[in-house]
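These are the residues of each chain, in order.
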Amino acid sequence: EGRAKLEPVSDEILVRENVGFDIWAHKDALDHVGAGIAEFDEVLLTNDTWFGPVRPYGPVFERMGEQAVHFWGMTDHAREEPNPFTGEGVLHYHLQSFWIAVRREMFLSPEWEAYWRDLPQMPGYFDAVLQHEAVFTEHFASRGFGHGVAFGSEGYPTDHPALFNPDLL
């Protein structure tokens, strides 16, 4: 039933075992596309964590298209110390992984290829957060890739507007 609904709006449907959370689904899809990724200007890594936006994407793409960045997200998460998941160290500022757009200079880079090739297994939720979501932004920023955010947390009354301020977003 799901395939029947997707076929009219999809060029290809990739079916995989549901392991490794959304991050491993991204990896499997990127591996599947392979060198064909070079046909694109921008690749979206999304998941079903959040529903939205409820308004058209066009204005967001136009606004973010004007930014000279290599990757961008819809929302971000402020830096926290100590890391709330481990009780120690730092949870770095990061783009939230439910929506990250990556431009070709980054996704055609050796750094991108190495990141996905060397990605560790994600057996649990905290693995996915601590080994991907919370490090992706810092990983690529530290290698010279610029990033932006469409709806930055500094513009909202809480540190986590995607969770606590969806009405304002």
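Heads up: the structure comes first, above all this text.
Account for helix H6 (residues 125–141), with residues named and values stated.
Over its 17 residues, H6 runs 24 Å from end to end, which matches the ideal 24 Å to within 8%, given 1.5 Å per residue. At Val135, H6 shows its largest kink, close to 60°. Buried within H6 we find Ala128, Val129, His132, Glu133, Ala134, Phe136, Thr137, His139 and Phe140.

Give me the pattern of salt bridges: which residues, what numbers.
By the definition in use, this model includes six salt bridges. Ionic pairing is found between Arg16 and Asp28, a salt bridge with its closest N-O pair at 2.7 Å. Placement of the pair is Arg16 in the loop between helix H1 (2–6) and helix H2 (21–33) and Asp28 in helix H2, with a sequence separation of 12 residues. Using a relative accessible area of 24% as the deciding quantity, one classes Asp28 as partly exposed. Ionic pairing is found between Glu42 and Arg103, a salt bridge with its closest N-O pair at 3.0 Å. In this pair, Glu42 sits in strand S1 (residues 42–46) while Arg103 sits in strand S4 (residues 99–103), placing the two residues 61 residues apart along the sequence. For Arg103, a relative accessible area of 15% corresponds to the buried category.

Could you give me a rundown of the side chain of Glu133, with the residues and numbers involved?
For Glu133, the location among the structural elements is in helix H6. The buried charged residue Glu133 lacks any salt bridge, with Arg16 as its nearest oppositely charged partner at 16 Å. Polar contacts involving the side chain of Glu133 include one to the side chain of Ser97, which spans 3.2 Å. What Glu133 contacts, discounting residues up to four positions off in sequence, is His94, Leu95, Gln96, Ser97 and Ala128.

So what's going on with the nonpolar core? Which residues, and what values?
When a protein is soluble and globular, its nonpolar side chains tend to lie buried together. Grouped together as the largest cluster of nonpolar side chains are 22 residues, with contacts concentrated most on Phe71, Val102, Met106, Trp112, Trp116, Phe136 and Phe140. When sequence neighbours within four positions are dropped, the list of residues in contact with Trp112 reads Leu30, Ile37, Leu45, Val102, Met106, Phe107, Phe136 and Phe140. Val60, Met74, Phe98 and Ala162 belong to the second largest nonpolar core, which has 10 residues in total.

Give a detailed account of the side chain of Asn47, specifying residues and quantitative values.
With respect to the element layout, Asn47 can be found in the loop between S1 and helix H3 (58–65). Only 2.3 Å separates the side chain of Asn47 from the side chain of Asp22, close enough to count as a polar contact. Apart from the residues within four sequence positions on either side, Asn47 is in contact with Asp22, Ser97 and Phe98.

Reading the values: rules and limits
Residues numbered from 1 in each chain as written. Predicted model: local features only at pLDDT ≥ 70, side-chain atom pairs only at ≥ 80, totals over all residues. Heavy atoms only, no water. Helix = DSSP H or I, 4+ residues; strand = E, 2+ residues; numbered from the N terminus. Expected span 1.5 Å × (residues − 1). Bend = angle between axes of the 7 residues up to and from the residue. Buried < 20%, exposed > 50% of the residue type's maximum accessible area, 1.4 Å probe, protein only. Salt bridge = Lys/Arg side-chain N within 4 Å of Asp/Glu carboxyl O. Lys, Arg positive; Asp, Glu negative; His and termini not counted. Polar contact = N/O pair within 3.5 Å; in protein donor to acceptor, adjacent residues only side chain to side chain. Contact = heavy atoms within 4.5 Å. Core = buried A, V, L, I, M, F, W, Y, C linked by side-chain atoms within 4.5 Å.

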